[in-house]
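Each chain, written out:
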Amino acid sequence: MGFNDTPSGNRIHIGFFGRRNAGKSSLVNAVTGQELAVVSDTKGTTTDPVYKAMELLPLGPVMIIDTPGIDDEGELGELRIKKTKQVLNKTDIAVLVVDGTEGVWKEDKELMKLFEAKEVPYLVVYNKVDLGLKEEYYSKTQDEDGNTIFVSAINKKNVNELKEKIAHFVKTDDSRFQIVADLIHPMDLIVLVVPIDSSAPKGRLILPQQQVIRDILEAGAVSVVVKDTELKETLQKLGEKPYMVITDSQAFARVSKEVPEDILLTSFSILMARWKGYLDTAVKGVTALNRLQDGDRILISEGCTHHRQCEDIGTVKLPNWIRNYTGKEVQFEFCSGTEFPDDLSGYKLVVHCGACMLNEREVRYRMKCAMDQAIPFTNYGIAIAYMNGILARSIEMLPDLRKLL
């Protein structure tokens, strides 16, 4: 897989922010080395966030995001500003682009406060030094932490230095990219259960399944991929007992009955929640299923958008399982992709997908939105395991989590 094939959720997200005409788009083009963003002398040319996947060493695969001007005007301007703030929810590093000929405005200061409130590390980049930034201003504005740099997007002055500064701004740790590798051992036999039904994509495996297989390979272990309908016979034919079985969540009930108790069992969705950093919150939140009443509203959120099938897990299977489990007439609402409501006060529970297409910061932002409003937050795999009475078993390899049950 080349870096252009790296999933968006695995990339460091770098957002460029600032006032209109500060030169954000020109600077993005200079950093990426290509005409990614429209450049014009007219203020407010960028109307929607523009995303570009690229390689930025030593960070590796990144997602560059060019945002509309934060000082935009009118109703359309308010919409652009809202989208700009939404980008911050998934931003790992913020780059504040300031017009070096004008200095810092109140909108720039407001953005800095927003970065700090959302705990997003940021750089302040003074652009347009080719137009005559004064030396006295340079020395007065330079900060001690090295998080300020002066550049010219037009003549590329200090652009390479800016890329190096961005690249060294985030500490990367390879261990955080482990989904299951740290839970298994070299030459362990891992069985992956992948149902193939009307909702499965044609001709390919979904992203979490691909990522888990790769992680197993990295650990030096052995993976066997099988449909749920062939699991029982496969377990009988294997020459040794598997160390672990990982299943698609929707097959949890059947798989748990066919996998002996002395074999570890979990799901792709549970492993994804662990990888994205919200598994403990999901385990705590799932008990809200027992407190639901008639008329309560549940938000089911997916991180990606796809064509809905007649047996879609998020909009069909999961709601039916929850109604059957609770015996209550609860109401379901759905959101997908980048849309996620800031106001969750009307819901009694948020059930999120495994979030394979979202980066860790955005998933944790969504989780924090729920926590701040005291709304229980869980995910597909945890909810399905809980409703089938096998949640304790599905997190057996994580003893600290079992204490939460």
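Refer to the structure printed above.
Note that the coordinates shown come from a computational prediction; the quantities given were computed from them, not determined experimentally.

Caption draft 1: Spotlight on the packing of helix α11 (residues 313-326) against helix α13 (residues 380-387). The N-to-C vectors of α11 and α13 enclose an angle of 30°; their axes lie 11 Å apart at closest approach. As the angle between them shows, α11 and α13 are arranged roughly parallel. α13 is crossed by α11, and the crossing has left-handed handedness. Residues Ile 313, Gly 314, Leu 318, Trp 321, Ile 322 and Tyr 325 of α11 form the contact with α13, whose participating residues are Tyr 380, Ile 384, Tyr 386 and Met 387. Considering only residue class, the contact of α11 with α13 consists of nine nonpolar, one polar and no charged.

Caption draft 2: Highlighting helix α3 (residues 106-117). Helix length check: α3 (12 residues) gives 16 Å between terminal C-alpha atoms against 16 Å at 1.5 Å per residue, within 8%. Buried residues of α3: Glu 107, Asp 108, Leu 111, Met 112 and Phe 115, and no others. Down the axis of α3, the smallest arc covering the buried residues is 145°, so these residues share one side. Those residues of α3 that are exposed and angled more than 90 degrees off the buried face are Lys 106, Lys 109, Lys 113 and Ala 117. Two residues or fewer past α3, Glu 119 is found with a positive phi of approximately 55°.

Caption draft 3: Structural context of the pattern of salt bridges. For the structure shown, the criterion picks out 15 salt bridges. Among the salt bridges present, the one from Glu 107 reaches Arg 19, with a minimum N-O distance of 3.6 Å. Of this pair, Glu 107 sits in helix α3 while Arg 19 sits in the loop between β1 (12-18) and α1 (24-32); the two residues are 88 residues apart in sequence, bridging distant segments of the chain. Residue class for Arg 19 comes out buried when judged on its relative accessible area of 8%. The partner of Asp 262 in a salt bridge is Lys 241, and the shortest N-O contact between them spans 3.1 Å. In this pair, Asp 262 is assigned in the loop between α8 (252-258) and β10 (264-267) and Lys 241 in the loop between α7 (231-237) and β9 (244-247), connecting sequence segments 21 residues apart. Residue classification places Asp 262 among the exposed residues on the basis of a relative accessible area of 53%.

Caption draft 4: Main features of α11. Buried within α11 we find Ile 313, Gly 314, Lys 317, Leu 318, Pro 319, Ile 322 and Thr 326. For α11, the elements touching its buried residues are β11 (297-302), β12 (331-336), β13 (349-352) and α13. At the exit of α11 stands Gly 327, carrying a positive phi of roughly 70°.

Caption draft 5: View of the sheet that holds strand β3 (residues 60-66). The strand order across the open sheet built from six strands is β2-β3-β1-β4-β5-β6, with neighbouring strands paired in mixed fashion. The two strands at the open ends of the sheet, each matched to only one other strand, are β2 (50-56) and β6 (148-150). Direction aside, neighbouring strands of the sheet carry axes that sit 25° apart on average. Sheet analysis places strand β5 (residues 122-127) next to β6, joined by three bridges and oriented parallel.

Caption draft 6: Seen up close, unusual backbone geometry. For Lys 128, which is not glycine, the phi dihedral falls at a positive 70°. Structurally, the position occupied by Lys 128 is in the loop between β5 and α4 (135-141). Given the relative accessible area of 17%, Lys 128 is considered buried. Positive phi outside glycine occurs at Ala 374, with the angle close to 60°. With respect to the secondary-structure elements, Ala 374 resides in the loop between α12 (360-372) and β14 (377-379). On the basis of relative accessible area, Ala 374 is assigned to the exposed category, the value being 66%.

Caption draft 7: Focus on the packing of helix α6 (residues 207-218) against helix α9 (residues 268-276). At a closest axis distance of 10 Å, the pairing of α6 and α9 adopts a crossing angle of 75°. For the element pair α6 / α9, the angle class is roughly perpendicular. Touching Pro 208, Gln 209, Gln 211 and Val 212 of α6 are Phe 268, Leu 271, Met 272 and Trp 275, all from α9. Residue composition of the contact of α6 with α9, by class: six nonpolar, two polar and no charged.

Caption draft 8: Fine view of the packing of aromatic side chains. The full count for this structure, using the stated rule, is five aromatic pairs. Cluster of aromatic residues (ring-pair linked, three or more members): Phe 17, Phe 115 and Tyr 122. Positioned above the aromatic ring of Trp 105, the side-chain terminus of Arg 19 is 3.7 Å from the ring centre.

Caption draft 9: The side chain of Thr 326, seen in detail. The residue Thr 326 is located in helix α11 in this model. Of note is the side chain of Thr 326, whose polar atom sits 2.8 Å from the backbone oxygen of Ile 322. Of the polar contacts made by the side chain of Thr 326, one reaches the backbone nitrogen of Lys 328; its length is 3.2 Å. Not counting chain neighbours up to four residues away, the residues in contact with Thr 326 comprise Leu 289 and Leu 292.

Caption draft 10: Fine view of the pairing of strand β7 (residues 189-193). Burial analysis of β7 places five of its five residues in the buried class, the great majority of the element. Side chains Leu 189, Val 191 and Val 193 of β7 all project onto a buried face; the interleaved residues Ile 190 and Leu 192 project onto the opposite face, where all are buried too. When β7 meets strand β8 (residues 222-226), the two strands line up parallel, connected through five bridges. Within the sheet, the bridge partner assigned to Leu 192 lies in β8 and is Val 225. Summarising the sheet, β7 and β9 pair through four bridges and their orientation is parallel. Directly across from Leu 192, in β9, lies its bridge partner Ile 246.

Cut-offs and rules
- Residues numbered from 1 in each chain as written.
- Predicted model: local features only at pLDDT ≥ 70, side-chain atom pairs only at ≥ 80, totals over all residues.
- Heavy atoms only, no water.
- Axes fitted to C-alpha atoms, helices over the stretch in contact; angles between N-to-C directions.
- Helix = DSSP H or I, 4+ residues; strand = E, 2+ residues; numbered from the N terminus.
- Parallel < 35°, antiparallel > 145°, perpendicular 65-115°, else oblique.
- Left-handed = near helix turned anticlockwise from the far one by under 90°.
- Contact = heavy atoms within 4.5 Å.
- Nonpolar A, V, L, I, M, F, W, Y, C, P; charged D, E, K, R; others polar.
- Expected span 1.5 Å × (residues − 1).
- Buried < 20%, exposed > 50% of the residue type's maximum accessible area, 1.4 Å probe, protein only.
- Arc of directions from axis to C-beta.
- Salt bridge = Lys/Arg side-chain N within 4 Å of Asp/Glu carboxyl O.
- Pairing = 2+ DSSP bridges.
- Phe/Tyr/Trp six-rings, centres within 6.5 Å; stacked < 30°, edge-to-face > 60°.
- Lys NZ or Arg CZ within 6 Å of the ring centre and 35° of its normal.
- Polar contact = N/O pair within 3.5 Å; in protein donor to acceptor, adjacent residues only side chain to side chain.

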